[in-house]
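This is what each chain is made of:
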Amino acid sequence: TTRLHRAIDKAKNGEEVSIVYLGGSVTEGSNASPRTTGCYAYLSAQKFAEKFMADKNQLKYHNAGISGTPSLLGVTRSEKDVLSHDPDIVFVEFAVNDGTDPNSRMAYESLVCKLLESESQPAVILIFTLTQNGYNAQEHMQKIGKHYNLGMISIKDAVWPDMQQGTLKWTDYSSDEVHPNSAGHAFMADCIGYYLDQAAAAESVPFTLPAKPLYGRTLAALQNLRQDDPAITNPGMFDYGAVNCYSYKQGWRHMSNRNDQGPLTLSLDATMMTIVSKQATSAICGKAEIWVDGKLKTTLNCYADNAWGNIVTEIIELGVIAKPRTIELRMAEGDEGKNFTVLDIGIVE
């Protein structure tokens, strides 16, 4: 609890305290009314200010929730959307968006490690919500939390037993299959407020990063490529310019009216990479291919029937090799006249 106590001490001394909430649509505020100030993130940040801050104007609140996204995107955008705010406290909520497969476990642990090892050394607190059928990824997330001795708040543990017994209805908490209603968001904020009281009263225990990961932390070393990164040897048919997709305001775009100027080409000493793209329902959106050293690795689709301008993240294993890899992003055959938007590229050397 040392990191959290440090943030509380700063608050009591009238200093600036930065609190960031990273997660999916629950964190973004879906089904809260009003969305921006009725969500659990805003409400619980206000509780922190009320409990501990000598000057509430010194609260720096940042909501980094993006609908429909897992911790794989969380770790890919953590530099831009979380660590750029020099957080003192980070709440992480991906329990209903993540799977339970090995890559999901590795991505979540990588995210936890990247936050813990960042320059501002924030307190990292994990939140586990649930779906109507009781699903969440809490089993492995809780093990990761215990491995790193982190604060954890399980909304599932708080409500699911009563729902099973019939003393609490799902509709008391949610108006759909996933998202808390306004009462549910307020309840989540109350749970966080209770946690803060308990943690503030606890003995201050110093944090020590475990020597070994539990599942894997490969993506903790992920670095984001910038527009002028020397690894981009040729932008080809992908212009870098303005986009409009949640917190992403710029990206690499292939437009339907562009002449073919070849693929976007990278030269990478990397073992793994992530590609973040935007999906839409417009028929003008097409497929793009990732080629590694002249061989087709995977195909990405910018079109989906159920898309809403959402974000899709792909992890690409490159393996260990002594020489730089040549990575090409090119439009698929037959889709050369369609649109494709890349929002982010992350690499692990």
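Structural notes, computed from the coordinates. (Residues numbered from 1 in each chain as written. Predicted model: local features only at pLDDT ≥ 70, side-chain atom pairs only at ≥ 80, totals over all residues. Heavy atoms only, no water.)

Below, the discussion takes up the overall build of the protein. Looking only at helices and strands, the protein has 10 helices and 16 strands in total. Dimensions along the principal axes, computed over C-alpha positions, put the protein at roughly 60 × 40 × 35 Å. Across the 349 residues that make up the protein, the buried fraction comes to 53%. By sequence separation, contacts in the protein at least 24 residues apart represent 78% of the contacts at least 6 residues apart. (Helix = DSSP H or I, 4+ residues; strand = E, 2+ residues; numbered from the N terminus. Buried < 20%, exposed > 50% of the residue type's maximum accessible area, 1.4 Å probe, protein only. Contact = heavy atoms within 4.5 Å.)

A word on the sheet that holds strand 10 (residues 264-268). Pairing in this open sheet of 5 strands is antiparallel, and the strands run 7-10-15-12-13 from one edge to the other. Bordering the open sheet on either side are strand 7 (232-234) and strand 13 (295-301), each of which pairs with just one other strand. Averaged over all neighbouring strand pairs, the angle between strand axes comes to 25 degrees, with direction disregarded. Sheet analysis places strand 7 next to strand 10, joined by 2 bridges and oriented antiparallel. Within the sheet, the bridge partner assigned to Ile232 lies in strand 10 and is Leu266. (Pairing = 2+ DSSP bridges. Axes fitted to C-alpha atoms, helices over the stretch in contact; angles between N-to-C directions.)

Another point: the pattern of salt bridges. Enumeration according to the criterion identifies 12 salt bridges in this entry. Between Lys143 and Glu139 there is a salt bridge, with its nearest N and O atoms 3.9 Å apart. Residue Lys143 and its partner Glu139 are both found in helix 7 (residues 138-147); the two are separated by 4 residues, about one turn of the helix. Residue Lys143 is classed as partly exposed on the basis of its relative accessible area of 43%. Exposure remark for Glu139: the relative accessible area of 61% places this residue in the exposed category. The salt bridge partner of Arg330 is Glu328, with a shortest N-O separation of 2.3 Å. Judged by relative accessible area, Glu328 falls into the buried class, the value being 18%. Salt bridges linked by common partners bring Arg77, Lys80 and Asp81 together as one network. (Salt bridge = Lys/Arg side-chain N within 4 Å of Asp/Glu carboxyl O.)

Topologically, Glu28 is positioned in helix 2 (residues 25-28). Setting aside chain neighbours within four positions, we find Glu28 in contact with Arg35, Asn63, Gly65, Ile66, Ser67 and Tyr246.

The residue after Ser33, namely Pro34, is reached through a cis peptide bond having omega -5 degrees. Note that Pro34 resides in the loop between helix 2 and helix 3 (40-52). Positive phi, normally seen in glycine, also occurs at Gln121, with a value near 50 degrees. Among the secondary structure elements, Gln121 is positioned in the loop between helix 6 (102-116) and strand 4 (123-128). Its identity as a non-glycine residue notwithstanding, Asn149 has a phi of 55 degrees, on the positive side. Given a relative accessible area of 58%, Asn149 falls into the exposed group.

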